[in-house]
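These are the residues of each chain, in order.
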Amino acid sequence: MAKQNTHLEHLEDDILNQGSKGGFNAIAFLRELGKMLTEPQSAVNITTKWDGAPAVICGKHPSTGRFFVGTKGVFAKMPKICVSDADVDEFYSGELAKKLKMCLRLLPQLPINGVVQGDLLFTKGDVTTKVMGKQKCHTFMPNTITYAVPVDTPMGKKVSRSSLGIVFHTSYTGGPTLRDMTPGFGVNVTKMQAAPNVAVFSSDFTDATGSSVFKPADKSKYDLLVNRAEGSLKQASRFLDILQDKGEGKFMLSAMFKVYFNSFIRTGKPIVNAQAVAVGFNKFYTAALDKEISMKKTDTTKKKYETIKQNGLRFLKQNARAVYMTVASYMNLIAAKTVVIKQLGKVQDIGTYIKTDNGYRVTAPEGFVAIKSGSALKLVDRLEFSRANFTVEKNWG
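Quick caveat, the model's predicted, so the values are computed rather than measured. (Residues numbered from 1 in each chain as written. Predicted model: local features only at pLDDT ≥ 70, side-chain atom pairs only at ≥ 80, totals over all residues. Heavy atoms only, no water.)

Participant: What exactly am I supposed to notice about the packing of aromatic side chains here?
Facilitator: Think of a pair of aromatic rings as described by two things: how far the centres are apart, and how the planes are tilted against each other in angle. Within the structure shown, the criterion is met by 21 aromatic pairs. Summarising the aromatic geometry, the rings of Tyr260 and Phe264 are spaced 5.2 Å apart at their centres and angled 80° between planes, so their arrangement reads as edge-to-face. Residue Tyr260 and its partner Phe264 are located together in helix 7 (residues 253–266), separated by four residues, close to a single helical turn. Both residues of the pair, Tyr260 and Phe264, count as buried. Relative to Phe284, the ring of Phe281 lies with its centre 6.1 Å away and its plane at 35°, an arrangement referred to as tilted. Of this pair, Phe281 and Phe284 both sit in helix 8 (residues 274–295), three residues apart, which is roughly one turn of that helix. (Phe/Tyr/Trp six-rings, centres within 6.5 Å; stacked < 30°, edge-to-face > 60°. Helix = DSSP H or I, 4+ residues; strand = E, 2+ residues; numbered from the N terminus. Buried < 20%, exposed > 50% of the residue type's maximum accessible area, 1.4 Å probe, protein only.)

Right under this line is the structure:
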C-alpha cells in the first residue's frame, strides 16, 4: 500500500471513516487546536492549505537519482514519472503538459532534498496586476481562489520576476521506490528563496501579531462546543462502530452517510436540523437502492438489492436515536471546527478572493491542515470551498 499524501480527510468525516476511534481522534485534535490558540505550547501544528492546482511531486528519484516531476500519477502502479519533455508528452497533454514542462525546466534550480509535494500556483502568463482591497497587487487564480500579493512586498517583487509559483507542503524520505517513501507534513522552504525566477511560498502557519489568539470568553464558548461534540459522540460511538460493517459494496452505510452529507455541500445547504437530516437519510438510502434495483435485469439481482434495502431500513429504524446522535455529532464537530477556521483566518498576509459575477469578494484562505503525532486532518469551510470545487472548471487540465 502506497503511503503518499494523495488525500486528506475532513475532520468531521473521521467519524464515518474510523467510527468511534475517528470521532475521539477528532475531539483530541480540537482540544489541541484550542490549546494552540490559547497557550504557547501545543502538540498540534498547522499548515495553511493553498488552493493550487495541479499537485506537483518532484525531486531526485530514490532509485535513479534523476530529477523528475509529475502529478499524483507518480505514485501509480505504472508511475507517470517525467524526466524529459518527451516523458511529459507521453503522459500528459494540453495546458497541464505545458505547465509540467516549465516545472521540469525551473524546479531543478531549487535545493530540494529528496522528494517534495506541492501545489502549482502560477506559471508565466497566469499573473495579472490589479487593485484589490485598495492595494495594487499581483493576482493569480490556480483553482477556485484568487490570490492577491501586494506588489511592494518582498514576495510581490519575487512574483513579478518569476515564471513559476509553487507552494510545498509534504516531504518524502526513505524507501527504494516512490511508493515506498514515507510522507512528512511541512517543508522548510527558507533555502528555496534564492532561485531567480521561481516564487516558492510557505505552507507553514505563522501568527507574528497574535491575531488568532482566543479571548477568554471566546475560548469558553469554544470549549462548550467541543464538549457538546464529545457528548453526542459518546452516545453515537457504539452505532458508529457497527456502521463500518453494515451494508455491501457501495451501499455500506458508513460510505452512504458520507455521500449523503456531501450532497448538502454540493447544493450549498448547511446541515442545521439534526432530526430532519436524520429522517432524510432514510429517504436518501431508499432512493439510492430503488435506483439500483430498477437498473438490474434479473429477478435474482433485483432480490439481492431489495434484501440489502430491507435489512438497511430495519437497522436504521432499530437505531433511530443513534442515527440522530450521529448527525448531531457531525454538526457539532463542524461547529467547533468552524470556530478554529475563523480564528486562523484572522491571520492573512496574502489576500484571498472568490471571483463572482459582480467582481471579487473577500474570502478566507482555502483552509488548514492540523498535524498531530504524524496524522493529519483537513480544516475546511466546506460550504465555501468544497461546493465550489465540485463545480469549478479546472483550467489547468
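Don't stop here, the text continues.
Participant: I'm lost on the side chain of Thr48 in this one. Help?
Facilitator: When you line up the elements, Thr48 lands in strand 1 (residues 45–49). Take Thr48: its relative accessible area is 17%, and that puts it in the buried class. Setting aside residues up to four positions removed in sequence, Thr48 forms contacts with Ser203, Phe205, Pro365, Gly367 and Phe368. (Contact = heavy atoms within 4.5 Å.)

Participant: Any chance you could explain the sheet that holds strand 14 (residues 375–379) here in plain terms?
Facilitator: As a general point, the strands of a sheet are linked pairwise by backbone hydrogen bonds and lie either parallel or antiparallel. Read from one edge of the open sheet, three strands run 1-13-14, paired in antiparallel fashion. This sheet does not close on itself; its edge strands, each paired only once, are strand 1 and strand 14. With direction set aside, neighbouring strand axes in the sheet form an average angle of 25°. Strand direction decides the pairing type here: strand 1 and strand 13 (residues 367–372), joined by five bridges, are antiparallel. Within strand 13, the residue paired with Lys49 across the bridge is Gly367. Of the strands in this sheet, strand 1, strand 13 and strand 14 are in contact with helix 2 (residues 19–36), which crosses strand 13 at around 105°. Its contacts with the sheet place helix 10 (residues 320–344) against strand 1, strand 13 and strand 14, and it is angled at close to 80° to strand 14. (Pairing = 2+ DSSP bridges. Axes fitted to C-alpha atoms, helices over the stretch in contact; angles between N-to-C directions.)

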